Amino acid sequence: MSRPESLSDLARAVRENAYAPYSHFKVGAALRTPSGKTYTGCNVENVAYPEGTCAEAGAIAAMIADGETEIAEAYVIADSPHPVPPCGGCRQKLAEFAKSGAQVTLATIDGAELITKVGDLLPGAFGRDHMETETGGDA
């Protein structure tokens with residue numbers, strides 16, 4: 001039986017496929033679900049900058065397309081002097097699909113890692129409970 005690839009290996013490999021002709025800042029992300037399945041994503045830039053896609057968003061989209069809805073662990077890697085945290089939008093996306101205590105490893109291609117939790121990346125996150133009215137129904 002072969003050893004499953006680590007999230008680090010998967011994120012590092014998919015990072016090479018990033019489309020970053022403008023910033024030259026390639027990012028790779030890998031997610032593992034409670035079932036053990038893994039999903040990857042890389043950033044995809046567009047000349048109209050707001051139209052690009054982050055690596056985390058790509059991995060989450062692949063996970064959802066495959067029918068999974070929960071992130072157990074995430075790994076994000078970039079070529080940076082220090083581990084790069086997800087942008088604000090990706091922090092919210094991670095919080096949508098991961099429990100507050102889910103591990104997120106932020107890494108550099110040189111091997112530096114910072115291990116944190118989804119809840120620490122986005123304290124006070126806007127969540128489902130904010131969408132309920134006082135009467136218990138949906139807003």
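This is a predicted model, so every value here is computed, not measured. (Residues numbered from 1 in each chain as written. Predicted model: local features only at pLDDT ≥ 70, side-chain atom pairs only at ≥ 80, totals over all residues. Heavy atoms only, no water.)

(A) Region of interest: the overall build of the protein. Of the regular secondary structure elements, the protein holds four helices and five strands. For a compact globule of 139 residues, the expected C-alpha radius of gyration is about 14 Å, and the protein comes in at 16 Å, within 12% of that figure. For the protein, the spread of C-alpha atoms along the principal axes amounts to about 50 × 45 × 30 Å. Here the analysis covers contacts within the protein between residues at least 6 apart in sequence; of these, 57% occur between residues at least 24 apart. Mean positive and mean negative side-chain charge positions of the protein (11 and 19 charges, respectively) differ by 5 Å. (Helix = DSSP H or I, 4+ residues; strand = E, 2+ residues; numbered from the N terminus. Rg over C-alpha atoms; globule rule 2.2 N^0.38 Å. Contact = heavy atoms within 4.5 Å. Lys, Arg positive; Asp, Glu negative; His and termini not counted. Charge placed at Lys NZ, Arg CZ, Asp CG, Glu CD.)

(B) The arrangement of the packing of helix 2 (residues 55-65) against helix 3 (residues 88-97) in detail. For the pair helix 2 and helix 3, interaxial distance at closest approach is 9 Å and the crossing angle is 25°. Considering their axes alone, helix 2 and helix 3 lie roughly parallel with respect to each other. For the crossing formed where helix 2 meets helix 3, the hand is left-handed. Every residue of helix 3 that contacts helix 2 at E56, A57, I60, M63 and I64 is listed here: C90, K93, L94 and F97. Across the contact of helix 2 with helix 3, the residue classes tally to seven nonpolar, no polar and two charged. (Axes fitted to C-alpha atoms, helices over the stretch in contact; angles between N-to-C directions. Parallel < 35°, antiparallel > 145°, perpendicular 65-115°, else oblique. Left-handed = near helix turned anticlockwise from the far one by under 90°. Nonpolar A, V, L, I, M, F, W, Y, C, P; charged D, E, K, R; others polar.)

(C) View of the pairing of strand 4 (residues 98-108). In this structure, strand 3 (residues 71-78) lies alongside strand 4, joined through seven bridges in parallel fashion. Looking across to strand 4, one finds that A78 is bridged to T108. Crossover strand 3 to strand 4 through helix 3 is right-handed. Relative to strand 5 (residues 113-117), strand 4 is paired through five bridges, and the arrangement is antiparallel. Bridge pairing links Q103 to K117 in strand 5. If you look at the hairpin formed by strand 4 and strand 5, you'll find four residues sitting between the two strands, and G111 has a positive phi there, around 105°. (Pairing = 2+ DSSP bridges. Right-handed = clockwise from strand over helix to strand, strands pointing away.)

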